[in-house]
Every structure is written in C-alpha cells, then in structure tokens.
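Residue-level structure breakdown
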Protein chains: 2
Amino acid sequence: MSNNQFKKSELYSFITGKASTAIARRLQKNFKQAGLDITIEQWSVLYHLWKEDGISQQQLCESTFRDKPSITRLVDNLEKLKMVKRVPSKDDRRINMIYLTPEAQNLQEQSMQLANQTLNEALVGVTHGQIEIAKEVLQQVYENLK
Amino acid sequence: MSNNQFKKSELYSFITGKASTAIARRLQKNFKQAGLDITIEQWSVLYHLWKEDGISQQQLCESTFRDKPSITRLVDNLEKLKMVKRVPSKDDRRINMIYLTPEAQNLQEQSMQLANQTLNEALVGVTHGQIEIAKEVLQQVYENLK
DNA sequence: TCTTTATGGTTGCATAAACAACTATATGTC
DNA sequence: GACATATAGTTGTTTATGCAACCATAAAGA
C-alpha cells in the first residue's frame, strides 16, 4: 500500500525535472539549429492546435497544463508572430477561438520531425519496455496531482 | 538498437514535463501551506548546500543543472532572504563560496519532510519496481542529453 | 426579472530561465 | 614576464510561470 518506506534519495531530481529540462533544452537547440524561431512553450500550443484547430484558450489551458494567464500571453506572442489568430466566438462572447495561420500550418511537419529526432536522441539505450513503464509512472504521477 | 520505430504520441508530455511540473506545483503548495516562504528553485539550491555546505556557485550550477546567471540570481534572492552568504575564496578570488545561515539550516528537516510527503502523494499506486525503472529511464535521458 | 454565481479571459507583480555580452582573476605557453 | 586562453561570476534582455485581482458575459435561482 504505502511507498513511505523506500529510499528517496536521487528521486529529488524527479522534482527538479532534470530529464524533462534536458529534453526541452535539446529540442529548443534543435529548433534553433534548423532556423525555427519559436519557443518550445509556443510549440506546445501549436502542437495541440495541429491536433485540433479552432479551440478556446480554456481548452488550451487544459491540454497544455498551463494556467489562464500563461495561455493569454503565449497566445499574445503567437499572435505577434502571426502564427495564430484570436476569433471571438459567436455563441459565447466570453470565448476566443484560436486558429492557426497558414504560416503555422506549414511548421507542423518540420517541427514534429525535429521533436521525433529529439526524442530519439533522448532515448538512446532505453528499451521499448522501459519507456512504456516510465510513461505509465509519469502518467500516474500526473493523475495523482493534477 | 533503434527507437526510431515506436509510437511517439503521448510521449510529448515528456517534453513538456507535465509530471515534474505537477510535482513542483504540489511541493510549492505544500511549502506554502506549512508557512515555508521559499520557492522550489531556492529549495533546490538549499538542498545541495545541506548535502555539502560551502561550495562554489559553479558547483551549484552543476548539481542543480542550471546556468551561471540562474545561480547568480538564486543566490542573490537567497541572500536577501538571509538564507545563504557569499564568502570570497581566499585561494581563488574569482570564486564565491556559498554558506548556509543558521536560519536555513533550521529549514532542512521540515522541508525535507514536506518533500517526502509530496513524493508520497505523487507516487500513490505506483510500485517500487516501476519507480526504479522510471528512475533509470530519466537518468539515462539526462545522461544522453546533458 | 433581478440577483447571485460561475466561467473565459486579461492585467499586475514577483520569480525564474535562456542566451549573449561582459568583467575579473587564473592558468598556460612562448 | 607578456600575452593568449580558460574559468568564475555578473548584467541585460526576452520569454515564461504562479498567484491574485480584475472585467465581461453567461447561467442559475429566487
């Protein structure tokens, strides 16, 4: 039942997120090297819009696990970069629907390829089975705390 | 040999670090609730000083996986909070040795207890064996990219 | 309908990160 | 010893986060 007893040391890098920080830095570096001038946080917003275009800021909050002010400002910056457009909803005037511009649509293929490449770099020497378990653990942690 | 073929979807939350973000938020919340007024980033610096007091900023960069400007400013803020003190090295005048104040020494027990509690909250329903594998994966990712 | 409450989004403020450029001191080489 | 190079730390700028407070609109309840 309880995890109370096991050894915690070395587990604190979990908290500081060294692994995901390292992945994020590498992805950013790979973007830059390819001449892609967006931040990974902006990319994470585009990623969800590529899956479904025209969703509200609130939906972006949930799918990117960010709070409302963060999304407001990421959308601000993406709008400045002419990557997305805010379109007021006709049904509910509180809602902004966020749409990709053609320019952002063009980034999908290249950036996803760079993301895949980055994951491959990250996972050298890790087996498929280990990855599956790590995914399960991280998913469970997220479910426990969200 | 190659991880090229396996399914990448759902793995992108690895990049965005949803799990470690969730842990960090919960730890911050637990600190706050206990009346501990430090950020988790400041805590991560103190954590390494509790393990070894009187190390240089450069050593803190390496152990916390942060760059030099980040450590400069974290130490700035910790100094304002009277948690640490910069002491110029006599051997090498480029170096600041960072020492805990008694006040910071007193925080160790309580904050580590809160960190353990947070990990327990995070790992509910996860087995010891799964945790070991997740640790190995994250460690390998870090080694691959650092 | 009028009032309360909930929801979607924005703004202000403090902290932190990434990157580049910089200063000061040490080390290595001729 | 003089000059080049490396190392330790700081500063400036842009972007992002977390939290609280706020505004506008919608939905629910009396």
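Since this is a predicted model, take the numbers as computed values, not measurements.

Here we take up the protein's contact with DNA strand C. Around DNA strand C, a shell composed of 26 residues is seen, among which Gln-58 and Lys-68 of chain A together with Thr-39, Arg-66 and Asn-77 of chain B lie nearest. Within 4 Å of the protein, the contacting atoms of DNA strand C are 59% sugar and phosphate, with bases supplying the remainder. One nitrogen or oxygen atom from the side chain of Arg-73 of chain B is found 3.4 Å from a base nitrogen belonging to DNA strand C. Those elements that place two or more of their residues in the surface near DNA strand C are α2 (18-33), α4 (57-64) and α5 (68-80) of chain A together with α3 (40-51) and α5 (68-80) of chain B. The leading source of residues in the surface near DNA strand C is α5 of chain B, at five residues. Tallied by class, the residues present in the surface near DNA strand C amount to four nonpolar, nine polar and 13 charged.

Another aspect to go through is the interface of chain A and chain B. Between chain A and chain B, the residue contacts involve 53 residues of the former and 53 residues of the latter. Between chain A and chain B the total buried area reaches about 5,500 Å² when both faces are included, carbon and sulfur atoms providing 69% of it. A per-residue breakdown of the area chain A buries against chain B is headed by Tyr-12, Ile-15 and Leu-145 of chain A, which together make up 13% of the total. Seen at the junction of chain A and chain B, the total is zero salt bridges. Of all elements in the fold, only α1 (12-16), α2, α3 (40-51), α6 (102-122) and α7 (128-145) of chain A reach the threshold of two or more residues within the side of chain A that touches chain B.

Okay, the environment of Glu-41 of chain B next. All names here are of chain B. With respect to the helices and strands, Glu-41 occurs in helix α3. Sequence separation between Glu-41 and Gln-28 is 13 residues; the distance between their C-alpha atoms is 9.6 Å. Glu-41 has contacts with Arg-66 and Leu-74, leaving out every residue within four places of it along the chain.

With that settled, the discussion passes to the sheet that holds strand β3 (residues 96-100) of chain A. Residue and element names in this part refer to chain A. Across the sheet, which stays open at both edges, the three strands sit in the order β1-β3-β2 with antiparallel pairing between neighbours. Strand pairing shows two members of the sheet lacking a second neighbour, β1 (55-56) and β2 (84-88), which therefore form its edges. Sheet topology note: the β1/β3 ladder contains two bridges and is antiparallel. Pairing of Ser-56 across the sheet is with Met-97, part of β3. In the packing of α5 onto the sheet, the strands contacted are β2 and β3, and the crossing angle to β2 comes to about 120°.

Another aspect to go through is the sheet that holds strand β1 (residues 55-56) of chain B. Residues and elements named next belong to chain B. Strand order across the open sheet formed by three strands is β1-β3-β2, with antiparallel pairing between neighbours. Among the strands making up the open sheet, the edge pair consists of β1 and β2 (84-88). The sheet contact formed by β2 and strand β3 (residues 96-100) spans five bridges and is antiparallel. The partner of Val-84 across the bridge, within β3, is Leu-100. This element, α3, spans β1, β2 and β3 of the sheet and lies at about 90° to β3.

With that out of the way, let us pick up the relation of the copies chain A and chain B. Screw-axis analysis of chain A against chain B gives a translation of 0.0 Å along the axis, an RMSD of 0.0 Å, and a rotation angle of 180°. Seen this way, the second copy is the image of the first under a two-fold rotation axis. Considering only C-alpha atoms, the part of chain A nearest the rotation axis is Ala-134 of chain A, at 2.2 Å. Both copies contact each other with a shared surface, as 100% of the interface residues of chain A are interface residues in chain B too.

Next up on the list: the protein's contact with DNA strand D. Around DNA strand D sit 26 residues, and of these Thr-39, Arg-66 and Asn-77 of chain A together with Gln-58 and Arg-73 of chain B come closest. At the protein interface, 59% of the atoms of DNA strand D within 4 Å belong to sugar or phosphate. Residue Arg-93 of chain A places a main-chain N or O atom 3.1 Å away from a phosphate oxygen belonging to DNA strand D. In the environment of DNA strand D, a phosphate oxygen lies 3.1 Å from a nitrogen or oxygen atom belonging to the side chain of Arg-86 of chain B.

For the structure on display, the rule yields 12 salt bridges over all chains. Of the charged contacts, one joins Asp-76 of chain B and Arg-86 of chain B as a salt bridge, the two residues approaching to 2.9 Å between their closest N and O atoms. Taken together, the residues span a long stretch of sequence, with Asp-76 of chain B in helix α5 and Arg-86 of chain B in strand β2 at a distance of 10 residues. Each of Asp-76, Glu-79 and Arg-86 of chain A takes part in one network of salt bridges that share partners.

According to the stated counting rule, one finds six aromatic pairs over all chains in the structure shown. Taking 6.1 Å as the distance between ring centres and 65° as the angle between the ring planes, the aromatic pair formed by Phe-31 of chain B and Trp-43 of chain B counts as edge-to-face. On the criterion of sequence distance, the pair formed by Phe-31 of chain B in helix α2 (residues 18-33) and Trp-43 of chain B in helix α3 is long-range, its members being 12 residues apart. The two residues Phe-31 of chain B and Trp-43 of chain B agree in class, both being buried. Their ring planes at 85° and their centres at 5.0 Å tell us that Phe-65 of chain B and Tyr-142 of chain B sit as a pair that is edge-to-face. With Phe-65 of chain B in the loop between α4 (57-64) and α5 and Tyr-142 of chain B in helix α7 (residues 128-145), the pair connects residues that are 77 residues apart, well separated along the chain. Here Phe-65 of chain B matches Tyr-142 of chain B in class, with each residue buried. Through successive ring pairs, a cluster of aromatic residues spans Phe-31, Trp-43 and Tyr-47 of chain A. The positively charged end of Arg-25 of chain A is found above the aromatic ring belonging to Phe-65 of chain B, 4.2 Å away from the centroid.

The rules behind the values
- Residues numbered from 1 in each chain as written.
- Chains lettered and ligands numbered in written order.
- Predicted model: local features only at pLDDT ≥ 70, side-chain atom pairs only at ≥ 80, totals over all residues.
- Heavy atoms only, no water.
- Near = heavy atom within 4 Å.
- Polar contact = N/O pair within 3.5 Å; in protein donor to acceptor, adjacent residues only side chain to side chain.
- Helix = DSSP H or I, 4+ residues; strand = E, 2+ residues; numbered from the N terminus.
- Nonpolar A, V, L, I, M, F, W, Y, C, P; charged D, E, K, R; others polar.
- Contact = heavy atoms within 4.5 Å.
- Buried area = accessible area lost by both parts, 1.4 Å probe.
- Salt bridge = Lys/Arg side-chain N within 4 Å of Asp/Glu carboxyl O.
- Pairing = 2+ DSSP bridges.
- Axes fitted to C-alpha atoms, helices over the stretch in contact; angles between N-to-C directions.
- Least-squares fit on C-alpha atoms with pLDDT ≥ 70 in both.
- Phe/Tyr/Trp six-rings, centres within 6.5 Å; stacked < 30°, edge-to-face > 60°.
- Buried < 20%, exposed > 50% of the residue type's maximum accessible area, 1.4 Å probe, protein only.
- Lys NZ or Arg CZ within 6 Å of the ring centre and 35° of its normal.

Structural measurements only, silent on function.
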